[in-house]
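Observations on the three-dimensional arrangement
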Amino acid sequence: MPENRVIMLTGSTDGIGYETARRLATPGTTVVVHARNEEEGSAAYRRLVDSGVDARRLQPAIADFADLRQVADLAAAVADTYPRLDVLVNNAGIGGTNHRTVTKDGHEQTFQVNYLAPYLLTRLLENTLAASPVGRVVNVSSSLHRGGRINWTDPSWKRRYNRGAAYAQSKLALTMFTAALTELEPKIHEAISVHPGIIATGMLAHYSYRGRPVSEGAEVVARLADPEAKVLNGCFYDGRLPARAASAAVDPESVGKLWRVSERMTSLEQHRTPRA
């Protein structure tokens with residue numbers, strides 16, 4: 001196991017992401033703590049250091065996932081800084097809005113932030129992950145993916161937008177992406193997805209009126225993100241235990257179709273090409 005481990009954690013400014021970053025930033029590990037903007041990133045960095053985290057264990061990173069150009073720039077910066085990435089935790093996400101919101105890339109915001117952005121980030125970091133003997137991707141999904149469906153003809157919900165349906169679709173897509181990484185991308189050594197539980201975060205409204213402490217959800221994610229932890233490759237975890245994912249999440253035809261659709265929606269090959 002590498003002594004100087006590098007873990008990237010998206011959505012590190014609050015909730016499960018912040019607490020997970022605090023747990024992972026131990027001696028021998030550098031945590032790339034992602035934030036949406038400089039203000040939120042600086043505040044989270046100060047809180048982490050004030051809580052006792054060694055500042056040398058933290059590397060701030062900024063990108064608004066509602067802008068795929070920023071996601072591509074983030075991937076390039078990480079790849080330029082680190083010769084390898086041991087673990088990528090795709091944790092950043094939003095609950096969505098009551099009224100449909102479109103990003104500057106032309107996609108429904110929940111689908112882009114919760115799925116298309118982590119898809120693009122992961123694909124652009126494939127070689128950096130491949131350079132690690134671990135090379136693990138942890139997708140923070142949701143049990144609600146089981147009630148979702150991919151709206152193949154209208155993934156951005158131009159018609160009949162519904163906040164709950166959009167959220168469930170995004171988490172189903174992220175869980176399907178886990179299967180795709182396992183089956184279609186040989187550069188990724190390990191990929192898993194996890195529902196951390198019904199936790200008292202900004203996502204709680206999708207689940208219940210009450211949730212368990214953030215520390216419990218973070219404990220689950222941090223354990224799976226530990227490079228020394230053994231995981232079941234391709235598995236969906238419900239809390240600490242492996243669980244059955246939705247049938248659509250592991251259907252080879254659907255998984256392959258989403259892989260191809262995602263390449264087009266993110267303009268993957270265009271973002272792979274260095275800018276002049």
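As a reminder, the structure under discussion sits directly above these lines.
All of these numbers come straight from a predicted model, not from anything done at the bench. (Residues numbered from 1 in each chain as written. Predicted model: local features only at pLDDT ≥ 70, side-chain atom pairs only at ≥ 80, totals over all residues. Heavy atoms only, no water.)

Digging into the overall build of the protein
- Of regular secondary structure, the protein possesses 9 helices and 8 strands.
- Computed over its C-alpha atoms, the radius of gyration of the protein comes to 17 Å, within 12% of the 19 Å expected for a compact globule of 276 residues.
- Across the 276 residues in the protein, those meeting the buried criterion constitute 55%.
- Relative to all contacts within the protein whose residues are 6 or more apart in sequence, the contacts with residues 24 or more apart total 76%.
- Summed over its atoms, the accessible surface of the protein is roughly 12,300 Å², and 48% of this surface lies on carbon and sulfur atoms. (Helix = DSSP H or I, 4+ residues; strand = E, 2+ residues; numbered from the N terminus. Rg over C-alpha atoms; globule rule 2.2 N^0.38 Å. Buried < 20%, exposed > 50% of the residue type's maximum accessible area, 1.4 Å probe, protein only. Contact = heavy atoms within 4.5 Å. Areas by Shrake-Rupley, 256 points an atom, 1.4 Å probe, with all protein chains shown as cover.)

A word on the pattern of salt bridges
- Across all of its chains, the model carries 15 salt bridges by this definition.
- Note that Arg 69 and Asp 73 form a salt bridge whose closest N and O atoms lie 3.4 Å from each other. Here Arg 69 pairs with Asp 73, and both are found in helix α3 (residues 68-81), just 4 residues apart, close to one helical turn.
- A residue is classified by how much of its surface remains accessible, and Arg 69, at 26% relative accessible area, is partly exposed.
- Accessibility expressed as a relative area gives 31% for Asp 73, which makes it partly exposed.
- Note that Glu 126 is salt-bridged to Arg 123, the shortest N-O span being 2.2 Å.
- Judged by its relative accessible area of 2%, Glu 126 is buried. (Salt bridge = Lys/Arg side-chain N within 4 Å of Asp/Glu carboxyl O.)

Topic: the packing of aromatic side chains
- Enumeration over the complete set of coordinates arrives at 6 aromatic pairs.
- On the numbers, 5.4 Å between centres and 45 degrees between planes, the contact of Phe 111 with Tyr 115 is tilted. Here Phe 111 pairs with Tyr 115, and both are found in helix α4 (residues 109-124), just 4 residues apart, close to one helical turn.
- Given a relative accessible area of 1%, Phe 111 falls into the buried group.
- Here Tyr 115 falls in the buried class, since its relative accessible area comes to 1%.
- Ring plane angle 45 degrees and centroid distance 6.0 Å describe the contact between Tyr 115 and Tyr 119, whose orientation is recorded as tilted. Residue Tyr 115 and its partner Tyr 119 are located together in helix α4, separated by 4 residues, close to a single helical turn. (Phe/Tyr/Trp six-rings, centres within 6.5 Å; stacked < 30°, edge-to-face > 60°.)

Description of helix α1 (residues 15-24)
- Burial of α1 is extensive: 7 of the 10 residues sit out of reach of the surface.
- All buried positions along α1 are accounted for by Ile 16, Gly 17, Tyr 18, Glu 19, Thr 20, Ala 21 and Leu 24.
- Where α1 is buried, its residues touch β1 (5-9), β2 (29-35), α2 (38-50) and α7 (214-225).

Quick notes on the pairing of β1
- Counting buried positions along β1 gives 5 out of 5 residues, so the element sits mostly inside the fold.
- Here β1 shows a buried face lined by Arg 5, Ile 7 and Leu 9 and a second buried face lined by Val 6 and Met 8.
- In this structure, β1 lies alongside β2, joined through 5 bridges in parallel fashion. Bridging across to β2, Val 6 finds its partner in Thr 30.
- Bridge count between β1 and strand β4 (residues 87-90): 3 bridges; the pairing is parallel. The residue of β4 that forms the bridge with Leu 9 is Val 89. (Pairing = 2+ DSSP bridges.)

A word on the nonpolar core
- Core analysis: the biggest nonpolar cluster contains 50 residues, and Met 8, Phe 65, Leu 74, Tyr 115, Leu 121 and Leu 125 have the highest contact counts within it.
- At the level of secondary structure, the elements contributing two or more residues to this core comprise β1, α3, α4, α6 (163-184) and α8 (252-265).
- For this core, the element with the highest residue contribution is α4, accounting for 9 residues.
- Sequence-distant contacts of Leu 125, that is, excluding residues within four places in its chain, are made with Met 8, Ala 75, Val 78, Ala 79, Leu 85 and Leu 88. (Core = buried A, V, L, I, M, F, W, Y, C linked by side-chain atoms within 4.5 Å.)

Focus: the sheet that holds β1
- Pairing within the open sheet is mixed, and its 8 strands lie in the order β3-β2-β1-β4-β5-β6-β7-β8. What marks the edges here is a single partner per strand, and that holds for β3 (58-62) and β8 (241-243). Within this sheet the neighbouring strands show an average axis-to-axis angle of 25 degrees, counted without direction. (Axes fitted to C-alpha atoms, helices over the stretch in contact; angles between N-to-C directions.)

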